[in-house]
Amino acid sequence: MHSIFYYSHELARFDFGPDHPFKPERAQKALELCRRYGVLDQPYMTLKSPPPLEQKKLLLAHSEDYLDVLRRVGQGEIFEEMLSFGIGTEDNPPLRGVYEWSRKCAGATWEGMVELLGKHTHTVFNPLGGFHHALRSRASGFCYINDIVIAIKEALDHNARITYVDIDAHHGDAVQEAFYHEDRVQFISIHESGKYIYPYSGSVEESGEGNGEGFTINIPLPPKTDDEVYLEVFHRIVLPLIRSFRPDVLVAELGADSLVSDPLTHLMLTNNSYTEVVRELKGLCSRILATGGGGYDIYRTARSWTLAWAILNNVEPEDEFAGLVGGMMFGPEMEVSTLYDRPYTIKGPEKDKIRQEVDKTIRFLIKRHHL
Ligand SMILES: [Zn+2]
């Protein structure tokens, strides 16, 4: 068994600007926490710097026109045409260096997949990946290059069957679009309903077309969904679907913006359900490619990614500073000496309403997929 954690200080320092919610430095916080909790020091683990992806591979997910525009933007050019490619908006600013940065973030996810398709690697984590909103010819939702689509296309060229599970609070729209007609990719996205947030898609009725009919599974959840309801959906729908598909590699987009403190979304999860999901996924497939994604409470995101890495590698996090009076604190957290969040549940009529809505979704999917 061999596992790879992709990281580069240079990439983690890439800056979207002071007012932009996307902070690549979360990856650095996660790495520091992994070190502090002793979950990166096993002999079978490698810390690797993301390699730049070659142009040819970028074409697996993007048009030549778009890549040309993105390259010019990365060199510092500003021009009107970029707007028709989604660049120059508040979400996707024209950042100098963005082409090279994205190429390396995607290089890690791609190389990780190639490693998993070989014999020796079982686990890969790229906290600088997971750009599930980047469309073929359009930047969107803080994403410029779709590393996930590139890696899955590579796997299909190797005749692998892939399950893609997206637990980011936002619908994995661009990954869905890329494989909507594909029966060798099982796409599962659990997200806050598009009725309330970006990208406003991912309804339960979107289920694939042609050969891909039934291989796209969307689970939209109402705002304020908590751990209890979330885990019920996961156990009743997601687990049996993956079990019956039997993927060769499981790709997991582990965006942490579904957590209760996230400023951009309204789901109310703690990392207790988040980690339970990671644990179950690990039990389902021996090869896992995990990526980052959303996560705008950077400390909580870093804690959750540290736990995810530990679980994927069967190691127990232990705080080497635990018990020291005045010892190191990590961020503005109250839960010192454990990475796990305090439990949080919604109660009363509000919970009943959430439950009713989610039950409807569960019933629909059970019938649709004969579970
Ligand atoms: Zn997100």
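Preceding block: the structure.
It should be emphasised that the depicted structure is a prediction, and the values quoted were computed from it without experimental measurement.

1. Comments concerning the coordination of the zinc ion
Then comes step 1: The protein atoms that coordinate the zinc ion are Asp168 (OD), His170 (ND1) and Asp257 (OD), at distances of 1.9 to 2.1 Å.
Then comes step 2: Each donor residue of the zinc ion lies on the same chain, and together they follow the pattern D-x1-H-x86-D.
Then comes step 3: Here aspartate 168 falls in the buried class, since its relative accessible area comes to 1%.

2. Re helix H11 (residues 348-368)
Every α-helix carries 3.6 residues per turn, so stepping three or four residues along brings you back to the same face.
Then comes step 1: With 21 residues, H11 should cover 30 Å at 1.5 Å per step; its first-to-last C-alpha distance of 30 Å lies within 8% of that length.
Then comes step 2: Every buried residue of H11 is listed here: Lys351, Ile354, Val358, Thr361, Ile362 and Leu365. Angular distribution of buried residues about the axis of H11 spans 100 degrees; they occupy a single face of the element. Set apart from the buried face of H11 by more than 90 degrees, the exposed residues are Pro349, Lys353, Gln356, Lys360, Arg363 and Lys367.
Then comes step 3: Check the buried side of H11 and you find it contacts strand S6 (216-221) and helix H8 (227-245).
Then comes step 4: Positive phi shows up at histidine 370, right after H11, with a value of about 50 degrees.

3. Quick word on the pairing of strand S1 (residues 2-6)
Then comes step 1: Counting buried residues along S1, four of its five residues qualify, which places the element largely inside the surrounding structure.
Then comes step 2: Pairing analysis gives four bridges linking S1 to strand S3 (residues 121-126), with the strands arranged parallel. Paired with phenylalanine 5 across the bridge in S3 is phenylalanine 125.
Then comes step 3: Alignment of S1 against strand S2 (residues 45-48), held across four bridges, turns out to be parallel. Residue serine 3 lies in a different strand from S2, and its bridge partner there is methionine 45.

4. Overview of the environment of arginine 36
Then comes step 1: One can find arginine 36 in helix H2 (residues 26-36).
Then comes step 2: On the accessibility criterion, arginine 36 (7% relative accessible area) is buried.

5. Quick word on the environment of glutamate 182
Then comes step 1: Position of glutamate 182 among the secondary structure elements: in the loop between helix H7 (173-178) and strand S5 (185-192).
Then comes step 2: Given a relative accessible area of 16%, glutamate 182 falls into the buried group.
Then comes step 3: For the pair glutamate 182 and arginine 35, spaced 147 residues apart in the sequence, the C-alpha separation amounts to 40 Å.
Then comes step 4: At 2.9 Å, the side chain of glutamate 182 and the side chain of arginine 184 are in polar contact.

6. Points about H2
Then comes step 1: Across the eleven residues of H2, eight count as buried, placing the element largely inside the fold.
Then comes step 2: Taken together, the buried positions of H2 are Arg26, Ala27, Lys29, Ala30, Leu31, Leu33, Cys34 and Arg36.
Then comes step 3: Buried residues in H2 make contact with S1, helix H1 (9-12), S2 and helix H10 (298-312).
Then comes step 4: A positive backbone phi angle near 65 degrees is found at glycine 38, which sits one or two residues after H2.

Rules of the game
- Residues numbered from 1 in each chain as written.
- Predicted model: local features only at pLDDT ≥ 70, side-chain atom pairs only at ≥ 80, totals over all residues.
- Heavy atoms only, no water.
- Donors = N, O, S within 2.8 Å, 3.2 Å for Na, K, Ca; no water.
- Buried < 20%, exposed > 50% of the residue type's maximum accessible area, 1.4 Å probe, protein only.
- Helix = DSSP H or I, 4+ residues; strand = E, 2+ residues; numbered from the N terminus.
- Expected span 1.5 Å × (residues − 1).
- Arc of directions from axis to C-beta.
- Contact = heavy atoms within 4.5 Å.
- Pairing = 2+ DSSP bridges.
- Polar contact = N/O pair within 3.5 Å; in protein donor to acceptor, adjacent residues only side chain to side chain.

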